[in-house]
Amino acid sequence: MKKVAMLCAALVFSAFAADNEPQEFDGLLTTPNCAANGAFADCYLENYACGSDGCFKDIAAGERKKPNIALFQHNTGKTYLVDVSKLNLSELGEGMNKNGVVIVGVLDEKTNTIAATEFKAPPPPKKSFFKGCL
């Protein structure tokens, strides 16, 4: 009986420990508003600055709002909010509105939010050489 109790305790502990391990999530880095509307290539830059289309009309000049960032996965169709409080926002610029971005972090299933600990930008496109006649 003692062995069964120890085994059950070990299984419960390992289940809770596995939930807090960082995972890799890949997809398109955008805003929740653009992901909800399906406007990926047509997402206006003001969405990244203040959160929605036409939001500059509602804020004073020079005032900044912290925009929400989301990761949209094409293969599953899911959108995750990304908590970037542990990351440098200037690094995220090279991955905005690009596919193939990898966010490493812990997923909170209740709020559907990834607490990001690392960001990996997609590799740049390969250089090509045109070999046709002009």
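Residues numbered from 1 in each chain as written. Predicted model: local features only at pLDDT ≥ 70, side-chain atom pairs only at ≥ 80, totals over all residues. Heavy atoms only, no water.

K.L.:
Just give me the short version of the pattern of salt bridges, but keep the residues and values in it.
P.N.:
Across all of its chains, the model carries one salt bridge by this definition. With its nearest N and O atoms 3.0 Å apart, the salt bridge here joins K120 to E24. With K120 in strand 5 (residues 113-120) and E24 in strand 1 (residues 23-30), the pair connects residues that are 96 residues apart, well separated along the chain. A relative accessible area of 55% places E24 in the exposed class. (Salt bridge = Lys/Arg side-chain N within 4 Å of Asp/Glu carboxyl O. Helix = DSSP H or I, 4+ residues; strand = E, 2+ residues; numbered from the N terminus. Buried < 20%, exposed > 50% of the residue type's maximum accessible area, 1.4 Å probe, protein only.)

K.L.:
Account for the layout of surface pockets, naming residues and giving values.
P.N.:
Here the largest pocket is characterised by a volume of approximately 190 Å³. Lining of the largest pocket is provided by Y48, A49, K65, K66, P67, I69, L89, L92, G93 and M96. Partitioned by chemical class, the residues of the lining of the largest pocket number seven nonpolar, one polar and two charged. (1 Å grid on protein atoms, 1.4 Å probe; cavity = no way out; pocket = protein on both sides within 12 Å on 5 of 7 lines; lining within 4 Å. Points joined across faces, edges and corners; volume = space filled by probe spheres on them. Nonpolar A, V, L, I, M, F, W, Y, C, P; charged D, E, K, R; others polar.)

K.L.:
Lay out the sheet that holds strand 2 (residues 69-72) with the relevant residues and their values.
P.N.:
Strand order in the closed barrel formed by five strands is 1-2-3-5-4, and the pairing between neighbours is mixed. Ignoring strand direction, the axes of neighbouring strands in this sheet form an average angle of 55°. As paired strands, strand 1 and strand 4 (residues 101-108) are joined by five bridges and run antiparallel to one another. Across the sheet, D26 pairs through a bridge with V102, a residue of strand 4. (Pairing = 2+ DSSP bridges. Axes fitted to C-alpha atoms, helices over the stretch in contact; angles between N-to-C directions.)

K.L.:
Give a detailed account of the packing of aromatic side chains, specifying residues and quantitative values.
P.N.:
What the rule picks out here adds up to one aromatic pair. Taking the centre distance of 5.5 Å and the plane angle of 55° together, the rings of F25 and Y80 count as tilted. In this pair, F25 sits in strand 1 while Y80 sits in strand 3 (residues 79-83), placing the two residues 55 residues apart along the sequence. Given the relative accessible area of 6%, F25 is considered buried. (Phe/Tyr/Trp six-rings, centres within 6.5 Å; stacked < 30°, edge-to-face > 60°.)

K.L.:
Give me unusual backbone geometry: which residues, what numbers.
P.N.:
Positive phi outside glycine occurs at N97, with the angle close to 60°. Unlike most non-glycine residues, N112 shows phi in positive territory, near 60°. By relative accessible area, N112 is classed as partly exposed at 32%.

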